[in-house]
Amino acid sequence: MATASPESFRGLLKRAEEIYDKAKELTQGKDKDGFIRLISWESIDQAVNNLAEMKGALQEKIKELAKNSPQKRKYEECLRKIECLLSELRKKQGK
């Protein structure tokens, strides 16, 4: 398998972090002003879908990275964070 060019990764890590941050807000009990956050089931479902899609995209890009690539660690760490949050939100869906 050929390794991917740096251009193919441009923005993916940033988008992954944005999706993670937005979904992470759903797991917080209060907003930045201290008010209890009200969350709809639709918001949780959408966050799960977004995280699952990004998980797949990151897994594919990680496969394309060279084994000794310095970027690989960053992508793997982001993938781990997304997987943990995805698991947490899926548990909320099951309740």
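Residues numbered from 1 in each chain as written. Predicted model: local features only at pLDDT ≥ 70, side-chain atom pairs only at ≥ 80, totals over all residues. Heavy atoms only, no water.

Chemist: Summarise the overall build of the protein; cite the residues concerned and give the values.
Modeler: Broken down by element type, the protein carries 3 helices and 0 strands. Counting helices and strands in the order they occur from the N terminus, the protein gives α-α-α. For the protein, with 95 residues in total, the buried portion stands at 26%. Long-range contacts, defined as pairs at least 24 residues apart, comprise 75% of the intrachain contacts of the protein with a sequence gap of at least 6. Carbon and sulfur atoms form 50% of the exposed surface of the protein, whose accessible area is close to 6800 Å². (Helix = DSSP H or I, 4+ residues; strand = E, 2+ residues; numbered from the N terminus. Buried < 20%, exposed > 50% of the residue type's maximum accessible area, 1.4 Å probe, protein only. Contact = heavy atoms within 4.5 Å. Areas by Shrake-Rupley, 256 points an atom, 1.4 Å probe, with all protein chains shown as cover.)

Chemist: Lay out the nonpolar core in plain terms, naming residues and giving numbers.
Modeler: Counting residues in each nonpolar core, the largest one holds 20 residues, and the members touching the most others are Leu51, Leu58, Ile82 and Leu89. For this core, the elements supplying multiple residues, two or more each, are helix H1 (12-25), helix H2 (41-64) and helix H3 (72-94). Not counting chain neighbours up to four residues away, the residues in contact with Ile82 comprise Ala16, Tyr20, Leu51, Met54, Lys55 and Leu58. (Core = buried A, V, L, I, M, F, W, Y, C linked by side-chain atoms within 4.5 Å.)

Chemist: Go over the layout of surface pockets with me, naming the residues and quoting the values.
Modeler: Approximately 160 Å³ is the volume attributed to the largest pocket. Along the walls of the largest pocket sit Glu18, Ile19, Lys22, Ala23, Leu26, Ser43, Gln46, Ala47 and Asn50, which together make up its complete lining. Those elements that provide at least two residues to the lining of the largest pocket are H1 and H2. When the residues that make up the lining of the largest pocket are grouped by side-chain class, the tally is 4 nonpolar, 3 polar and 2 charged. (1 Å grid on protein atoms, 1.4 Å probe; cavity = no way out; pocket = protein on both sides within 12 Å on 5 of 7 lines; lining within 4 Å. Points joined across faces, edges and corners; volume = space filled by probe spheres on them. Nonpolar A, V, L, I, M, F, W, Y, C, P; charged D, E, K, R; others polar.)

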